[in-house]
Each structure stands twice: as structure tokens, then as C-alpha cells.
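# Chain and residue survey
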Amino acid sequence: MGSLEKLVVQTQINAPAPRGPQLASAQYINSSLCNLNMAPLYQRYSLYSDNDTYIFVPEAAEARNLTIDRSSGDIVLSQPKTPIPPSTRRSGQQIYGILGTISLTLSEYILVITGRELQSRLMGHDIYRATNFEILPLNPNVSIENPPHVVESNFLALVRSHFQHGNFLFSYTWDLTTRLQAQSQRASGAEKSALWQLADDRFFWNRFLQTRLIESATSSNETSAWASYILPILYGTFDLRPIFLHGRQMQLCLISRRSRYRAGTRYFRRGVDNEGNVANFNETEQILLIEGPSGLSNGFNPESNYSSKFSFVQIRGSIPLFWSELNTLRYKPDLQIMELDNTQEALIGHLQKQTSTYGPVTLVNLINQKGHEKPVKDAYERQMAQLELPDVKYEYFDFHNECRKMRWDRISLLVDRIQDDLDSYGYFAHNSSDSTSRLQKGVVRTNCMDNLDRTNVVQATIAKWTLNKQLVEAGVLSPGAGVDDFETLSKDFREMWADHADAISAAYAGSGALKSDFTRTNKRTHKGLLEDGVKSITRYLKNTFLDGTKQDAFDLITGAWIPRKNPAASMFLVADTRPVIIRSIPAAASFSLFMICAGLTLPRTSDYSLVYYFLLWFFILAAALTFMVIHGVQYVAWPRLNPLTSIIYYDGPGFRSARNGMGLKATAHLDVHRKKWQGAGKHRHGLSVEEVELGTLKKSD
């Protein structure tokens, strides 16, 4: 790699992270971390409704009811002790939170949490996972079970699917979206702010859904009264394990936070957008809480504030270039890199966001230097070589080459190469026995192609290295000892990171993480290789045939696409406009396979006649499958709300590994998507990618 092996690049940072040890009041740090004076949220509601209104009645003294007019959509807060209209009926379900509202083609809907599961308690705060949801229509003529229009039914199915299959976390008393260090740095006046005002905008997953409630709060002179209804949720993971080691009570916690910007699935959201947001961006925070040497109580006390608090943050995200991998029915997708005029601007925008948030950044790139991934690596390094950014370092590590033949212990080579940066960045540490706190002054940003499997292994290794240092600093371990020397601690650590990896992978790629056997057991096994094969096949099937609707759900919930109040304008969501021959070929393949199976099972009258029988149906099956592979793009379940047409048929400067699945010249007229693209005049050389794919909000016209 030459001079790029450890390339240092430089930038001006508008708001750099503090450097060196930072001093702060221990009393203030404890208060801000626990949000002692934060405006309280209501934790339970009863719902009353009739054809005119929905009334949410909190189970709290002197609470003000929230009333939503079903005809006008107006949202108002009633005065305390306002009586409930006798015409309303009380719902039998308990409400645990309001996710927000969403407007579809026939009605506006209220989304509420009707089931929750306590995950654990962190520093005395309950952390919940939402388990059940309910959709309430404002239009009394719209039935959730039997919507009056097929388009509305499709939208409602997207909303249900999104919340049923995601991992959504929340707390009524603690800001789960913000890392400990950022909470400690808040101004003292922020403690009295509402939870939604404190939440990190990137990880406030239902921010778009909460728009109407937030607008009502900000336009009112009673903001705190509204704040009790606005509950931020986090799309991510949470795990906490109590640990007892050398007479010290501890808690080890792992939190991942998924960004709502450029959210999506593995092959339908790659790279960066115009605003510098990247796909599959996750912040991972490892928290360690330790009691003092003498203990704070008899036995384990989950309410303890703990004498020592440590936090270590890492980030991951897609390579910040304009690039994509296109499904074509083949196992390996076509790789495409788009060299647009604003590539450098988008890359700088992304890096400046990270440095202004976390301080100096070390970019660890794990993709292969040969084969399918090489063009992405080369393009990334070309762009990095042109930058002059003082607080960004680039470190390349050829993961598969260095760790081949299951030599996973060689990941330590990467840790050795970035150890100076890790030592310089440090971690957030606060000890309640003195008045100083030390801040993490930088962050490691890791990526591979999917930012899943290799990234998980490397982040877990760096996290273990840091945990060792923290335990030694706290006096729990002696110098030279490590996490792996204690089986219970090592097992908890490995399981936490493996579960974390599986959850992030399932959200983005549709299966658990590959290579998780190493994370769970500290070694690579042949059984793990077989499991990875099954997971890879699962990913292929989901990414090719199911992820289109999953991506549509992401776009709908995060506000990347907004429907009009006219279902006829969105009929393209449910209509199949492909030519009849394209639609009929899979049926022909299925029927020929059925006939072959029938020939194998039915009684035989003549082996001679069966030869021609099987030749006929095998020929039809082979012809149908060949046709489908040649026209593979037509059989992929693409997203429909924000179609990737301009990505699929991009012919500007850049790199394309192949153009598989595009059909033949003789069958080009069968490609409806290509004809629409050409008819719009967007196929000309040098034009940029469709704006919505690069981050511009799109509305249905």
C-alpha cells in the first residue's frame, strides 16, 4: 500500500472535542448522567375513544389529558381534572407510550406502544424494549383490519412489519440515545429540559413520527406539559451483565445506536449521501460501572451509582463514497462506484461531522485488497489521498489476508498498529471520590463492505483491549492480567458482543453475523464455517426477494418518502407493470419443476417414453431459469417508494464490475424500468444519481 498504509489527513474542525484531561464537578457529573431534574414522562395511559376523539389519560396525579380530534386532527392538552366525556369508551389495552403520528393516503394514524419488556436497570433507570404496538386511525371510516383501499392496506402492512421486526428500546427517565460523555458535558440548564430535547437527533428513531407533538410543544408556552407525552425510542441493542470479581461489584453494559439517516437494508443503502450521512451508521458504547474497594452496600445493589464509571465509544458506517452493489439474481452482486462531482464534498462533510462530534478519528478499513472489493478500496484511498485533514487518520488492514487459515489471533496486529491512537484517545472515566473526570478525546471508525462481520470482530477486540485497561486503572486487575484470565467475565463479554453483532446484522442484512463463533468462543471453528454458510444463503434470499418492502418501511417511518392524500397516486406500489412474458417465466419454471417431480413419482408405463418426457421438461426448466438470470434485474424485489432506477442504469464516470441481469439487446424492450429512465432523459453520460438516493426528501406526486 506504500505511503497509504498509514495515511494521515487533516481538516479544520468547527467544534473540536476537548483535548487532555478535563476537570468537572463530580456532583454535577453524577446529576447530569442520571438526569435527576429532567422533565418526567408519563409511563402508563388509559385510552378513551369515540367517533370524534381519542383521549389519552395518564396514570399520574394532576396530569393533563391529551385529546386528539379525529375529524380535524387537532391535538390539545386539557386542563387538570377535566372530566372524560360519557360518550367515550375505555380501551382494554394499557398504553405505555406514544410513538407519534403518521399520515397515509386515507387517514392519519396514531402509533402507540401496548407492550414492553424490562431489559435491565442502568444506574437506577429502567430500560425497556417495546414488544407490541397498536395503530389507531383518526378517520373513523377506516378499519385497520380491513382498509378500504389496497394501497392503504399496503402502507399499514409496511408500518406493522417495521415495528414488529425491529429492536426498539426506550427509557422514561434516562436519555438512552446519548453517550455518557456527551451527557456529562451538557450545560447545567439542560437538566430541566425535556427528554426529546436532550436526545441525540441521529438516534431519535421516531423523530419524524413525533413531528406533530414536537411542533405543538414548541409553539406552546407550556412546553414542559407537552414534553411528558413525547417519548424518544432507539433502534439498537442493549445488554447489561452484573459481574463480581476480586470482591468488587460491577456492571458491564453494551449499547448500540442506529442512525435514522440513510437508514435501510444491505444492498439498497450503501455509501454516503449529499449531506455526508452514511448507510448502516452505528455508535457502540461499552459502559463499565464499578463499586469502590470497600463496596457501597451488602450484596449486589442495582440502584448503586457506583464509585467509578467508564465509557468507551466506537463507530461504524459504510465507506463514505457514492457506491452500490446491485442485485441481479447472481450470488455476487455487481459492484458500482459513481464518481460524481461532489464526491469529495460528501466525504469531507461526513468526516467533519465525526470530528466535530467525537474529536480526532482513526478510519480502519478492513476490505480486501484483491478481487471484488479492490475497486472500492482503491477509490476510497484515492479520495483520502487528496484530502488535507489534520484530525483524521487512515489505517488499512487486510482482514481476510492477515487472518487466513483461521488465524484470528492476528487481529492483535491491527491493535498494535493503532495502539498509539487508542492511548491518545483514551476513554471517558469518572470517579466520584474526587472532582475530576477524563474524557474520550477521539474515536475509531471501523468499516468493511457491509460493516458487519469483520467490523464486529475488530470492534470487540478493541473493546476488550480497552476493558483490560479500565479494570487495571480501577484496581480490579493487576497489570499484566486480562479479561480472558477470568472465565465468567470473558464469557459474559463474548456473549454480549456476539449478541450485539447478531442484532446489528439482522437489522441490516437479514441474518445473524458471520464469524460470530470467534466472538463467542475466542476461536474460529469448522462448525462456525458451516453456520456462516447457512447465514450467507439466508442473506442472499432475503436481500434479493424480501428487502425491497423492508426498505420501503424504513423510508416511510423515517420520513424519507411521504405519501399524498390520494391512494390512486400510489397505485404503482401494488401494480406489476412488467410485461406478461417477464411475469410468466417464473410460473413456467415452477410448472416444469412440478412436472419433473410428477414424472419421478407417478407409475411408469415405459422408460423409453419417459426419456423424452424428462428431456422436454428439463429443457423448459433450463430455458426459463436462463431467461430469469439474463433478465435478473427484473426479478429482484426492489424498493418502490424511492426506486434505485438511476443507480441501476447509471452510465456516468466511475466503475462497474459487470452489467449482469440487464437482458439482451433483442429483449431490451421488455425492461420497463430502463424505458422510463431513458424516456425521462436521465441516461445521458455524466448526470448525477437521483436526488432521493443521495438524501433529498421525496414526496409522491
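All chains use their own residue numbering, which begins from 1 and follows the written sequence. Only residues with pLDDT of at least 70 are given local features in this predicted model, and only at 80 or more are side-chain atom pairs given and counted; all residues enter the totals for whole chains, interfaces and linings. With hydrogens and water stripped out, all remaining heavy atoms of the structure feed into the side-chain values.

Take the pairing of strand β4 (residues 53–58) next. In terms of residue burial, β4 counts as a mostly covered element, since 6 of its 6 residues are buried. Paired strands are those between which DSSP finds at least two bridges. Numbering of helices and strands starts at the N terminus; helices are DSSP runs of H or I of at least 4 residues and strands are runs of E of at least 2. What sits between the antiparallel neighbours strand β3 (residues 45–49) and β4 is a turn of 3 residues. Sheet topology note: the β4/strand β5 (residues 66–69) ladder contains 4 bridges and is antiparallel. When the bridges of β5 are listed, Ile55 appears paired with Thr67. Throughout, exposure labels follow a simple rule: accessible area from a 1.4 Å probe, protein chains only, divided by the maximum for the residue type, with under 20% read as buried, over 50% as exposed, and the rest as partly exposed.

An order of β16-β17-β24 is seen for the 3 strands of this open sheet, with the pairing classed as antiparallel. At either margin of the open sheet sits one strand with a lone partner, and together these are β16 (323–326) and β24 (654–656). Taken over all neighbouring pairs, the strand axes of this sheet differ in orientation by 15 degrees on average, direction set aside. Inspection of the sheet shows strand β17 (residues 334–338) paired to β24 by 3 bridges, in the antiparallel sense. To obtain an axis, a line is fitted to C-alpha atoms, over the contacting stretch when the element is a helix, and the angle between two such axes runs from 0 to 180 degrees between their N-to-C directions.

In this structure, Leu122, Phe238, Ile255, Met384 and Leu471 are the most contacted members of the largest nonpolar core, which totals 115 residues. Throughout this description, the term nonpolar core refers to a set of buried Ala, Val, Leu, Ile, Met, Phe, Trp, Tyr and Cys residues connected via side-chain atoms within 4.5 Å. Judged by nonpolar contacts, the second largest core, of 40 residues, contains Leu41, Phe170, Leu195 and Tyr235.

A pair of packed helices can be characterised by two numbers: the angle between their axes and the separation between those axes. The N-to-C vectors of helix α2 (residues 150–165) and helix α16 (residues 547–558) enclose an angle of 90 degrees; their axes lie 9 Å apart at closest approach. Here α2 lies roughly perpendicular to α16, going by the angle between them. Residue-level contacts link Phe155, Leu158, Val159, His162 and Phe163 of α2 to Thr549, Asp552, Ala553, Phe554, Leu556 and Ile557 of α16. Residue composition of the contact of α2 with α16, by class: 8 nonpolar, 2 polar and 1 charged. Under this scheme an angle from 65 to 115 degrees is roughly perpendicular, one under 35 degrees roughly parallel, and one over 145 degrees roughly antiparallel; angles in between are oblique. A contact between two residues is defined here by any heavy atoms of the two lying within 4.5 Å. For this scheme, ten residues count as nonpolar: Ala, Val, Leu, Ile, Met, Phe, Trp, Tyr, Cys and Pro. Four count as charged, namely Asp, Glu, Lys and Arg, and the remainder, Gly too, count as polar.

What you tend to see is this: most non-glycine residues have negative phi, and most peptide bonds are trans. In this structure, His246 is a non-glycine residue whose phi angle is positive, near 50 degrees. Notably, Arg262 is not glycine yet its phi reads approximately 55 degrees, a positive angle. Relative to the helices and strands, Arg262 is located in the loop between β13 (248–258) and β14 (282–290).

Sheet architecture is open: 5 strands sit in the order β6-β5-β4-β3-β7, paired in antiparallel fashion. Two strands in the sheet have a free side with no partner beyond their single neighbour: β6 (75–77) and β7 (89–90).

A word on the packing of aromatic side chains. Whether two aromatic rings pair depends on their centres lying within 6.5 Å, for rings of Phe, Tyr and Trp, where Trp uses its six-membered ring; planes under 30 degrees apart make the pair stacked, over 60 edge-to-face, and the rest tilted. Counted under the stated rule, the structure contains 25 aromatic pairs. For the pair Tyr42 and Tyr229, a centre-to-centre distance of 5.1 Å together with 75 degrees between the ring planes defines the contact as edge-to-face. One end of the pair, Tyr42, is in the loop between α1 (26–34) and β3; the other, Tyr229, is in the loop between α6 (223–227) and β12 (234–245), and 187 residues separate them in sequence. With a relative accessible area of 1%, Tyr229 lands in the buried category. With a centroid separation of 5.1 Å and 40 degrees between ring planes, the pair formed by Phe133 and Phe163 is classed as tilted. Here Phe133 is found in strand β10 (residues 125–137), whereas its partner Phe163 is found in helix α2, with 30 residues between them in sequence. With relative accessibility at 5%, the residue Phe163 sits in the buried group. Through a chain of ring-to-ring contacts, three or more aromatic side chains come together here, namely Phe133, Phe163, Phe168, Trp205, Tyr235 and Phe554. Positioned over the ring face of Tyr128 is Arg116, at 4.5 Å from the centre of the ring. Looking at Lys377, its charged tip hangs above the ring of Tyr396, at a distance of 4.7 Å from the centre. Only Lys NZ and Arg CZ are tested; either one counts as a charge over a ring when it is within 6 Å of the ring centre and within 35 degrees of the ring normal.

To continue, consider the environment of Tyr613. Within the secondary structure, Tyr613 is located in helix α18 (residues 607–630). By relative accessible area, Tyr613 is classed as partly exposed at 22%. On a C-alpha basis, the gap between Tyr613 and Ile596 in space is 8.4 Å, while along the polypeptide they are 17 residues apart. Residues within four places of Tyr613 in sequence aside, it is in contact with Met595, Ala598 and Gly599.

Any Lys or Arg side-chain nitrogen located within 4 Å of an Asp or Glu carboxyl oxygen qualifies as a salt bridge. The final tally for this structure, using the stated rule, is 36 salt bridges. Between Arg266 and Asp450 there is a salt bridge, with its nearest N and O atoms 3.1 Å apart. Of this pair, Arg266 sits in the loop between β13 and β14 while Asp450 sits in the loop between β22 (443–447) and α12 (453–473), and the two are 184 residues apart along the sequence. Residue Asp450 is classed as buried on the basis of its relative accessible area, which comes to 9%. Because the salt bridges share partners, they merge into one network encompassing Arg179, Asp200, Arg202, Arg257, Glu283 and Glu285.

Attention now moves to empty space enclosed by the protein. Here a cavity denotes a set of grid points, spaced 1 Å apart and computed over the protein atoms alone, in which a 1.4 Å probe fits but from which it cannot get out, and a pocket denotes an open set meeting protein on both sides within 12 Å along at least five of seven lines; residues with an atom within 4 Å of a point are reported as lining. Grid points are joined across faces, edges and corners, and a volume is the space filled by probe spheres set on the points. Under the defined criterion, the tally for this structure stands at 9 cavities of 30 Å³ or more. Here the largest cavity defines a volume of roughly 60 Å³. Leu169, Phe170, Ser171, Trp174, Asp175, Leu176, Thr177, Leu195, Ala199, Pro232, Ile233 and Leu234 are the residues that line the largest cavity. Its residues placed into classes, the lining of the largest cavity shows 9 nonpolar, 2 polar and 1 charged.

In this section: the side chain of His350. With respect to the helices, strands and loops of the structure, His350 is situated in helix α7 (residues 343–358). Throughout this description, a polar contact denotes any pair of N or O atoms lying within 3.5 Å of each other; where both atoms belong to protein, one of them has to be capable of donating a hydrogen while the other can accept it, and for residues adjacent in sequence the pair is counted only when both atoms sit in side chains. Engagement of the side chain of His350 in a polar contact is seen with the backbone oxygen of Gly276, the distance being 3.0 Å. Of the polar contacts made by the side chain of His350, one reaches the side chain of Arg445; its length is 3.1 Å. The residues touching His350, leaving out its near neighbours within four places in the chain, are Gly276, Val278, Phe281, Pro320 and Arg445.

What follows deals with α16. To estimate how far a helix should extend, the number of its residues minus one is multiplied by 1.5 Å. Compared with an ideal rise of 1.5 Å per residue, which puts 12 residues at 16 Å, α16 spans 16 Å between its outermost C-alpha atoms and is within 8% of the ideal. Extensive coverage of α16 is indicated by the burial of 10 of its 12 residues. Considered for burial, the residues of α16 that qualify are Asp547, Gly548, Gln551, Asp552, Ala553, Phe554, Asp555, Leu556, Ile557 and Thr558. Just past α16, the residue Gly559 takes up positive phi, approximately 85 degrees.

Mapped onto the elements, Gly533 comes out in helix α15 (residues 526–545). In sequence terms Gly533 and Leu514 are 19 residues apart; their C-alpha atoms lie 8.6 Å from each other.

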